[in-house]
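Breakdown of the fold
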Amino acid sequence: MKIIALAAAATVAGTVAFASGPTVPYDPPVAPPMAVATYDWTGIYAGGTLGVGSTRHRVPGFGGAFPDATGGMAGGVVGYNVQRGNMVFGGEAALNWANLSGSAACINPAWTCTSDVSALGSIRGRLGYANDRTLVYVTGGVGAARIAHSTTTGGPVFSDTNTRTGWTLGLGVEQAMNNGWIFRGQFDYYRFGGSDYALDVPYLDEHTNIGTVSFSVLRRF
């Protein structure tokens, strides 16, 4: 009797195990990885700039009336960015004290002509694409410069200085660091036209082009 009962119990257990099917291993759910925050370019920034530049001066009817000028510059910049997705919009103002100068014989080789740019500034907008801490952008707006010319024969010097306004376009890249500092490299082109200089003779409708390469260290606030 005891043997019969054990056999029946074994039969029932086997039937239940068969009916329930093979045991499937169970993997507990894995939490999704936490998203890594990307750099946010929104905010105010300011800093200092060092750079170099070169100029080209032309007067209609005089050919290359004034010599090209080269030299260095230093100044500051302040601006504001707004980021939407990967796009960054902003505006900034910059002012540089410059020492771009050149000297050469005038059209009349008995005379010596000089060119000098002592200040260079701009108010501009910016549009860029951000890849986390790297920002590539284009920029453009209103440019201003303090441009002087002179002529001399070795005796009296005829000189005239004008503050000029024109337009500027640029291209740059910025790299943001962990501690709020930003490093920038930028190329700018300035165009100034339609200015008269009263020297030994009137030089009318002088046009100036300026190209600069600059590097800036900025602090974001």
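Just so it is clear, the structure is predicted and the values come from calculations on it, not from any experiment.

1. Focus: the overall build of the protein
A tally of helices and strands in the protein yields one helix and eight strands. Tracing the protein from N to C terminus, the helices and strands come up as α-β-β-β-β-β-β-β-β. The 221 residues of the protein split such that 36% are buried. A total of about 12,500 Å² of accessible surface is found on the protein, and carbon and sulfur atoms cover 67% of it.

2. Notes on the state of the cysteines
Overall, the coordinates contain one disulfide when judged by the stated rule. The disulfide that involves Cys-106 links it to Cys-113, with 1.8 Å between the sulfurs. Where Cys-106 bonds to Cys-113 through sulfur, the torsion about that S-S bond is close to 120°, and the disulfide is right-handed. Assigned by exposure class, Cys-106 and Cys-113 land together as buried.

3. With respect to the pairing of strand S7 (residues 181-198)
Bridge analysis of strand S6 (residues 157-176) against S7 gives ten bridges, and the strand direction is antiparallel. Bridge assignment links Ala-176 to a residue of S7, and that residue is Ile-182. Connecting S6 to the antiparallel partner S7 that follows it, the hairpin turn spans four residues, and Gly-180 within it adopts a positive phi of roughly 95°. Here S7 pairs with strand S8 (residues 202-220) via 15 bridges, running antiparallel. Following the sheet pairing, Phe-192 is matched in S8 by Thr-208. Counting the residues between successive antiparallel strands, the hairpin from S7 to S8 contains three residues.

4. A closer look at the packing of aromatic side chains
In this structure the tally under the stated criterion is six aromatic pairs. Here the aromatic rings of Phe-66 and Tyr-197 are separated by 6.3 Å at their centres, their planes lie at 65°, and the arrangement is edge-to-face. With a gap of 131 residues between them, Phe-66 in the loop between strand S1 (43-58) and strand S2 (70-84) and Tyr-197 in strand S7 connect regions that are remote in the sequence. When its relative accessible area of 2% is taken as the criterion, Phe-66 is described as buried. Accessibility expressed as a relative area gives 1% for Tyr-197, which makes it buried.

5. Looking at the nonpolar core
Judged by nonpolar contacts, the single largest core of 20 residues is most densely connected at Phe-66, Leu-120, Phe-192 and Ile-210. Of all the secondary-structure elements, those providing two or more residues to this core are strand S3 (87-105), strand S4 (112-131), strand S5 (134-152), S7 and S8. When sequence neighbours within four positions are dropped, the list of residues in contact with Phe-192 reads Leu-120, Gly-143, Ala-144, Ala-145, Ile-147, Arg-164, Thr-165, Gly-166, Glu-206, His-207, Thr-208 and Ile-210. Of all hydrophobic cores here, the second largest spans twelve residues; its members include Val-77, Val-88, Tyr-137 and Ala-176.

6. Topic: the pattern of salt bridges
Throughout the structure, instances matching the rule amount to seven salt bridges. With a shortest N-O distance of 4.0 Å, Glu-92 and Arg-126 are connected by a salt bridge. Of the two residues, Glu-92 sits in strand S3 while Arg-126 sits in strand S4, which places them 34 residues apart along the sequence. Like Arg-126, Glu-92 is buried. With its nearest N and O atoms 2.7 Å apart, the salt bridge here joins Arg-124 to Asp-188. Here Arg-124, found in strand S4, pairs with Asp-188, found in strand S7; they are 64 residues apart in sequence, far enough to count as distant. As far as the burial class goes, Arg-124 and Asp-188 line up, both buried. Overlapping salt bridges bring together Glu-92, Arg-126, Glu-174 and Arg-184 as one network.

7. A short note on the pairing of S1
Two faces make up the sheet, and in a regular strand the side chains alternate between them. Strand direction decides the pairing type here: S1 and S2, joined by twelve bridges, are antiparallel. Along S2, the bridge assignment pairs Leu-50 with Ala-74. Relative to S8, S1 runs antiparallel, the two being bridged by 14 bridges. Across the sheet, residue Gly-51 finds its bridge partner in S8, namely Ser-214.

Criteria and cut-off values
Residues numbered from 1 in each chain as written. Predicted model: local features only at pLDDT ≥ 70, side-chain atom pairs only at ≥ 80, totals over all residues. Heavy atoms only, no water. Helix = DSSP H or I, 4+ residues; strand = E, 2+ residues; numbered from the N terminus. Buried < 20%, exposed > 50% of the residue type's maximum accessible area, 1.4 Å probe, protein only. Areas by Shrake-Rupley, 256 points an atom, 1.4 Å probe, with all protein chains shown as cover. Disulfide = S-S within 2.5 Å. Pairing = 2+ DSSP bridges. Phe/Tyr/Trp six-rings, centres within 6.5 Å; stacked < 30°, edge-to-face > 60°. Core = buried A, V, L, I, M, F, W, Y, C linked by side-chain atoms within 4.5 Å. Contact = heavy atoms within 4.5 Å. Salt bridge = Lys/Arg side-chain N within 4 Å of Asp/Glu carboxyl O.

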